[in-house]
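Here is how the chains run, residue by residue.
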Amino acid sequence: MKILVTGGLGFIGSHTVVELQNEGFEVVIIDNLSNSSEDVLDGIEAITGKKPIFEKMDLRDKPLVQDFFKRHNDIEGVIHFAASKAVGESVEKPLLYYENNLGVLVYLLQELTKMDKANFIFSSSCTVYGQADELPITEDAPVKPAESPYGNTKQVGEEIIQDTCKVSPKLAAIALRYFNPIGAHPSVEIGELPIGVPQNLVPFITQTGVGLREQLSVFGDDYPTEDGTCIRDYIHVVDVAKAHVVALQRLLEGKNKSNYEVFNLGTGKGSSVLEVIHSFERVSGDKLNYQIVGRRAGDVVQAYADTKKANLVLGWKAASTLDESIKSAWDWERKIRN
Ligand code: WQD
């Protein structure tokens, strides 16, 4: 079965391609290499023994998208990762984010709704919940006004898919709301490759650990949590990748209850920034150089998933502990810096 993975050379995309190939799917990757590298194909091949088909393409070019689906009229499912994801950059360049994350989504759906049967998996985010009133966060929690154009593209993206599904019974879609994916494949053949100074906690920690950054700034220790630092649900990227395969199989086997469904992808366990630092210190055996600084604008205090729906309905559960996820991130960081 041939599956299109857009953004398949990126962090979550590449790990998902590995899991798809391990399950016997034939994968075609589209990626514009704007935040990834062709070398990732070698990593995927090293793990799975097979190089996926790769087409370098910018999906904002609508005629190219149309041409792709004419050439590959046997695509049975699409997993759509290709998008911009830096919250700060989205504030500076809103139109880039709306074009990349929503324009491209519309082009893909236009092609999928021409097909006799189409299955679509969308990368959404826990950012749609904002600061939820109740924890853990269920899929029924209200969507809060977006804090950034990036967050808005995920909310509006979900709405675009939902509206399209209402009038397109042959289209089936699942939106997966990721909490905080971290880590790397245990083989350390693929992992996260942030360009420039990392904005996210775990790559900043591992880069500080190898000496690439001098010190981690912890953004605030005066939040209403046990140790005063913010709480997130950090999930191993391989667990996230496996959930995509399970969600796709649900659609391919027609087991979905409606043609638009939403699932949280988290572990269900919240960890504070200091707990993540302590996990790093445990698995690396080193002390981390960090200091407490002021709060970062836009941070919610706590976000962690209620995983019941994904556990019961998808039959999927995150398997890795925080220490295992952090260890894989640390192994990967040391490998790429050597
Ligand atoms: C985690 C915690 C920071 C860096 C991101 C995306 C969001 C969504 C989820 C995709 C926070 C603290 C961080 C640092 C720190 N992803 N921190 N020092 O904020 O949960 O959100 O992932 O859709 O859109 O933005 O993740 O890794 O940036 O921060 O103290 O140098 O670490 O304040 O509490 P976040 P993060």
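Up top is the structure.
Since we're looking at a predicted model, the values are computed, not measured.

Caption draft 1: Representation of the packing of aromatic side chains within the structure. Under the criterion given, the structure shown has three aromatic pairs. Sitting above the plane of the phenylalanine 263 ring, lysine 309 keeps its charged end 4.8 Å from the centroid.

Caption draft 2: Seen up close, the environment of glycine 49. With respect to the helices and strands, the residue glycine 49 is situated in the loop between α2 (40-48) and β3 (53-56). Sequence separation between glycine 49 and glutamine 21 is 28 residues, and the spatial gap between their C-alpha atoms is 9.2 Å.

Caption draft 3: Region of interest: the packing of helix α7 (residues 201-209) against helix α9 (residues 273-284). Running from N to C, α7 and α9 cross one another at 40°; their axes reach a closest spacing of 11 Å. In terms of orientation, α7 and α9 fall into the oblique class. Crossing of α7 over α9 shows right-handed handedness. In contact with Leu201, Val202, Ile205, Thr206 and Gly209 of α7, α9 contributes Val273, Val276, Ile277 and Phe280. Residues that form the contact of α7 with α9 fall into these classes: seven nonpolar, two polar and no charged.

Caption draft 4: Region of interest: the site of the ligand. Taken together, 19 residues form the shell around the ligand, and within it Ser125, Tyr150, Ser217, Arg232 and Asp299 come nearest. Here an oxygen atom of the ligand sits 2.5 Å away from a polar atom, N or O, in the side chain of aspartate 299. Isolated, the ligand exposes 690 Å² of accessible area, and the fraction of that covered by the protein chains is 88%. Looking at which element gives the most residues to the shell around the ligand, the answer is strand β8 (residues 216-219), with four residues. Per-class residue counts for the shell around the ligand are ten nonpolar, six polar and three charged.

Each value, and the rule that gives it
Residues numbered from 1 in each chain as written. Predicted model: local features only at pLDDT ≥ 70, side-chain atom pairs only at ≥ 80, totals over all residues. Heavy atoms only, no water. Phe/Tyr/Trp six-rings, centres within 6.5 Å; stacked < 30°, edge-to-face > 60°. Lys NZ or Arg CZ within 6 Å of the ring centre and 35° of its normal. Helix = DSSP H or I, 4+ residues; strand = E, 2+ residues; numbered from the N terminus. Axes fitted to C-alpha atoms, helices over the stretch in contact; angles between N-to-C directions. Parallel < 35°, antiparallel > 145°, perpendicular 65-115°, else oblique. Left-handed = near helix turned anticlockwise from the far one by under 90°. Contact = heavy atoms within 4.5 Å. Nonpolar A, V, L, I, M, F, W, Y, C, P; charged D, E, K, R; others polar. Near = heavy atom within 4 Å. Polar contact = N/O pair within 3.5 Å; in protein donor to acceptor, adjacent residues only side chain to side chain. Areas by Shrake-Rupley, 256 points an atom, 1.4 Å probe, with all protein chains shown as cover.

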